[in-house]
Amino acid sequence: MAQGQGRLNSSTKSPKGNLSDGNRKLDAFSKRQTLAQHRKSLPIASVDKRLVEEVQKHDTLIIVGETGSGKTTQLPQFLYNAGFCGDGKLIGITQPRRVAAVTVAKRVAEECGVNLGEKVGYSIRFEDMTSSSTRIKYMTDGLLLREALLDPHLSRYSVIIVDEAHERTVHTDVLLGLLKSVQDARSKSLNNLQNTKNKKTNNDIQLKENGAQGLNFLKQYQGRTPLKLIIMSASLDARIFSEYFSGARAVHIQGRQFPVDIFYTLHVENDYLDASLATIFQVILATNIAETSVTISGIKYVIDPGLVKARYYDPNKGLESLVVVPISKAQALQRSGRAGREGPGKCFRLYQEDQFGKFEDSTKPEIKRCNLSNIILQLKALGVDDISGFDFIEKPTRSAIVKSLEQLFLLGALTDDCKLSNPVGRQMACLPLDPIYSKALILASEFNCLEEMLITVAMLSVESIFYSPRDKKEESRTTKKSFASPEGDHLTLVNVYRASNEFLEKRSGLSKEKREKAFRKWCKENFIDSRSLRHARDIHSQIRRNVEQMGLRVASCGDDVLQFCRCLAASFFLNAALKQPEGSYRALANGEIVSIHPSSVFFKNKPECLIFNELVETNRKYIRNTTKIDYLWLTELAPQFYAVQN
DNA sequence: GAGCACTGC
């Protein structure tokens, strides 16, 4: 037995399977013992009382602790035990990634000895493992942002813990701003109530006489508590968070980190893949996943090529690019730290020591390099009208804000005075999609092709559906042709989706597992990425529910595909392109010269005019997901944009 | 004639 070792991964070593009842109880008992032992051994365990006191004393607290300190799993339990869930209130813990929310919730439920979804649960898109008895709720930060649309004061929560804040994802950044204002609003409303209460007690007789009113008042008072905010970060520098929350107190928790020896290369490595392979053969490779908190056991060595593939967005050109850039010093430290989680380790940096000195201190937050349309739409829906005046922890550039406002205005989501329009803007904000796709759904109900458009935007919202293995290139190409539509890539995607529907409907009698297995086999045979298609199917059922709730009419255009193509033109008019004499295209909105991506049905047979969905720069500027349209439709269907220009 | 899933609602 591994009892008493205090290690997370050791648990019980007894064979699973044919255990008698007695053995099974013993097994469960020793597992609990191991868990308890492990909890006690965590660095955070010795400071539990102090941490609870800090949270009681301060409304905002910043906790700096490396991964391995136990902050994510233990702090919510400390707070629960200290009575922070009185009155049925919840402790919410946000994570940037789904997998982290799920694994940590499972772990904490186990430690508490409850079934997942009871006292401890999680909620992520497509999966809600919570119930009315849930008090400790793990979730993705994006989901909490959505929740705020329904409950702007987040009144169900007494404490919100924002974990992994150092990652500075756009959801985390927006959430921090929102939480700051929610906290302020809740304190103010509490103060107002307190003042009213004081006045009322001065007039004690009246309060006693009016018993019913007094009770009502008490209820109202109990329902409102200040919001406790805890920001957790693994970066050693807590200054930015502390300054943002008006000098909030920051505490440090020791991590469990073993020494890591760092080795630099002596000369510049030009081919980092080659260099990594060479290093591996001498003994993991650092990718973005190595910087996250998901612990993979058994890592002693880390090879860090010093590069990261990051997405950049140029608001002026509406151009997204995926580029390989040098990492930051903070990223390098995160990567090397990976090697020392379970014992002393080694990190091989495939760059020279003086190159490390040239890296930026920290990574540029995502909010400064992404399209802001979605965020702005959500903030507007939350009542934030003045986007430039919003208290961002780091403000996006003015041009990025202006460009996104302009796009939202052109889509009809904003009124002339920059307020959310009704119903279009409101409806768009309710949908968990890129605003341009939300608008397409609203228009499609008018064009009688919402059924096709729901499938289209679901398929456009996921990573590429088709894949072609190197050894079966010809075969995959032939299969793809069988789905191809002469109108373009959008209807091709609809064909794939409908074929998968037909396949699954024929097997509706099978068990869920057998159906899923058959589905994956079908995907494989058709050179379709089953994970992507599964994801698209999940999105489809979610947004179909959404549009039905909004009262939009879900109808099919049937054989009238022209109607559907016209709707695409009306929706994606900002992304129209005209063929140039030499075969490339000119994007009409920004004048960029672009090429059709080789995955498109129009790669060889190029139409005069088309609309596209993505403009991505890799080694060239490519447009992806295209459908041919009639040039004249643009002035007819989008006069707000084309009539003025021409 | 392109690359590969880093992430989220």
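On a predicted model such as this, the values are computed, not experimentally measured, just so you know. (Residues numbered from 1 in each chain as written. Chains lettered and ligands numbered in written order. Predicted model: local features only at pLDDT ≥ 70, side-chain atom pairs only at ≥ 80, totals over all residues.)

**A look at the overall build of chain A**
Definition in use: Put simply, DSSP H or I for four residues or longer makes a helix, DSSP E for two residues or longer makes a strand, and each gets a number counted from the N terminus. Buried, partly exposed and exposed are defined by the number of other C-beta atoms within 10 Å of a residue's own C-beta, namely 20 or more, between the two limits, and 12 or fewer respectively, with C-beta atoms placed from the backbone.
When its secondary structure is counted, chain A shows 24 helices and 18 strands. Here chain A holds 646 residues, and 36% of them are scored as buried.

**Thoughts on the pairing of strand β16 (residues 593-596)**
So the rule is basically this: DSSP bridges decide pairing: two strands pair if at least two such bridges lie between them.
Direction of pairing for strand β15 (residues 585-587) relative to β16: antiparallel, over a ladder of two bridges. Residue pairing across strands places Tyr585 opposite Val594, the latter belonging to β16. Connecting β15 to the next strand, β16, in antiparallel fashion are five residues, including Gly591 with a positive phi near 75°. Alignment of β16 against strand β18 (residues 621-628), held across two bridges, turns out to be parallel. Pairing of Ser595 across the sheet is with Tyr622, part of β18.

**Some thoughts on the domain arrangement of chain A**
Selection criterion: All the domain ranges listed were derived from an automatic or database domain assignment. What counts as a contact here is a pair of residues whose C-beta atoms, placed from the backbone, lie within 7 Å. Throughout this entry, Asp, Glu, Lys and Arg are counted as charged residues, while Ala, Val, Leu, Ile, Met, Phe, Trp, Tyr, Cys and Pro are counted as nonpolar. The remaining residues, Gly among them, count as polar.
Partitioning chain A into structural domains gives domain 1 (45-194 + 226-253), domain 2 (260-367), domain 3 (371-420) and domain 4 (572-645). Facing the six residues of domain 2 at the interface are nine residues of domain 4. Its residues assigned to classes, the side of domain 2 that touches domain 4 comprises two nonpolar, two polar and two charged.

**Things to note about the sheet that holds strand β1 (residues 60-65)**
Defined as follows: Orientation is described by lines fitted to C-alpha atoms, with helices fitted over the stretch in contact, and by angles between N-to-C directions that extend from 0 to 180 degrees.
Strand order in the open sheet formed by eight strands is β4-β3-β5-β2-β6-β7-β1-β8, with mixed pairing between adjacent strands. Both edges of this open sheet fall to β4 (127-129) and β8 (249-253), since each of them pairs with a single strand only. Neighbouring strand axes in the sheet, compared pairwise and without regard to direction, differ in orientation by 20° on average. Pairing between strand β3 (residues 120-124) and strand β5 (residues 136-140): four bridges, direction parallel. Residue pairing across strands places Val120 opposite Ile136, the latter belonging to β5. The sheet contacts of helix α4 (residues 98-112) involve β2 (90-95), β3 and β5, and relative to β3 the element is tilted by about 170°.

**Some details on the confidence of the model for chain A**
Keep this limit in mind: A residue's pLDDT is simply how confident the predictor is in it, with values from 0 to 100.
Residues of chain A with pLDDT of at least 70 account for 87%, and the chain-wide mean is 85. Counted against residues more than four places away or in other chains, residues 1-18, with its pLDDT under 50, gives 26 contacts. Within the model, the stretch residues 204-223 combines pLDDT values under 50 with eight contacts to residues more than four positions away or in other chains.

**Considerations on the protein's contact with DNA strand B**
Test applied: Nearness is defined per residue: the C-beta atom, placed using the backbone, must lie within 6 Å of the molecule or strand.
Looking at DNA strand B, there are 27 residues lining it, with Arg98, Arg125, Gly142, Pro432 and Thr618 nearest. Here the element with the most residues in the surface near DNA strand B is helix α5 (residues 141-150); it accounts for three residues. By residue class, the composition of the surface near DNA strand B is nine nonpolar, eleven polar and seven charged.

**A word on unusual backbone geometry**
In this model, Asn422 is joined to Pro423 through a cis peptide bond whose omega is 5°. In this model, Leu154 sits at a positive phi of 45°, which is unusual for a non-glycine residue. Of note, Leu154 is situated in the loop between α5 and β6 (157-162). Residue classification places Leu154 among the buried positions, given that 21 C-beta atoms sit within 10 Å.

**A word on the sheet that holds strand β10 (residues 301-304)**
Taken in spatial order, the three strands line up as β9-β13-β10 in an open sheet, and their pairing is parallel. With partners counted over all chains shown, the strands left at the sheet margins are β9 (260-264) and β10, one partner each. For this sheet, the mean angle separating the axes of adjacent strands, direction not counted, is 15°. With four bridges connecting them, β10 and strand β13 (residues 345-349) associate as parallel partners. Following the sheet pairing, Asp304 is matched in β13 by Arg349. Lying over the sheet, helix α11 (residues 329-337) contacts β9, β10 and β13, oriented at roughly 155° with respect to β10.

**Side note on the nonpolar core**
Stated formally: Any set of buried Ala, Val, Leu, Ile, Met, Phe, Trp, Tyr and Cys residues joined through C-beta atoms within 7 Å is what this text calls a nonpolar core.
Within the largest apolar cluster, 130 residues are counted, with the highest numbers of intra-cluster contacts made by Leu441 and Ala569. For this core, the element with the highest residue contribution is helix α17 (residues 450-460), accounting for eight residues. Dropping the residues within four chain positions of it, Ala569 is found in contact with Ile611, Ile629, Trp633, Leu634 and Leu637.

**Examining helix α22 (residues 561-571)**
Counting buried residues in α22 gives eight out of eleven residues, a clear majority hidden from the surface. Residues Phe564, Cys565, Arg566, Cys567, Leu568, Ala569, Ala570 and Ser571 constitute the buried set of α22. Looking at the packing, one finds that the buried side of α22 touches α16 (435-446), α17, α19 (489-506), β17 (609-617), β18 and α23 (631-637).

**Focus: the packing of α17 against α19**
How two helices sit against one another is set out by the angle between their axes and by the gap between those axes. Put simply, the rule is: What sets the label is the angle itself: under 35 degrees gives roughly parallel, over 145 gives roughly antiparallel, 65 to 115 gives roughly perpendicular, and the rest give oblique.
At a minimum axis distance of 9 Å, the contact between α17 and α19 shows a crossing angle of 95°. The angle between α17 and α19 places the two elements in the roughly perpendicular class. Between α17, through Glu452, Ile455, Thr456 and Met459, and α19, the contact on the second element is made entirely by His490, Leu493, Val494 and Tyr497.

**Here we look at the environment of Asp151**
With respect to the helices and strands, the residue Asp151 is situated in the loop between α5 and β6. Measuring from C-alpha to C-alpha, the distance between Asp151 and Ala234 comes to 30 Å, with 83 residues separating the pair along the chain.

**Brief notes about α4**
Going by this rule: A helix is expected to span 1.5 Å multiplied by its residue count minus one. Of all possible arcs, the one meant is that of the directions from the helix axis to the C-beta atoms.
Taking 1.5 Å of rise per residue, 15 residues should cover 21 Å, and α4 covers 21 Å from first to last C-alpha, within 8% of that figure. Every buried residue of α4 is listed here: Ala100, Ala101, Val104, Ala105, Val108 and Ala109. All buried residues of α4 lie within an arc of 150° about the axis, which places them on one face of the element. Just downstream of α4 lies Gly113, where phi reads positive at about 70°.

**Concerning the packing of helix α3 (residues 71-81) against α4**
Here is the rule we go by: Definitions for this section: a left-handed crossing has its near helix turned counterclockwise from the far helix by less than a right angle. A right-handed crossing has that turn clockwise.
Here α3 crosses α4 at 50°, and the two axes come no closer than 10 Å. As far as their axial angle goes, α4 and α3 are oblique. As for the relative orientation of α3 and α4, their crossing is right-handed in sense. Between α3 and α4, the residues in contact are Thr72, Thr73, Pro76 and Gln77 and Val104, Arg107, Val108, Glu111 and Cys112, respectively. Its residues assigned to classes, the contact of α3 with α4 shows four nonpolar, three polar and two charged.

**Description of the pairing of β5**
Burial runs high along β5: five of the five residues are buried. Where burial is concerned, the two faces of β5 agree: the one with Ile136, Tyr138 and Thr140 and the one with Lys137 and Met139 are both buried. Bridge count for β2 against β5 is five bridges, and the pairing is parallel. What sits directly across from Gly92, in β5, is Lys137.

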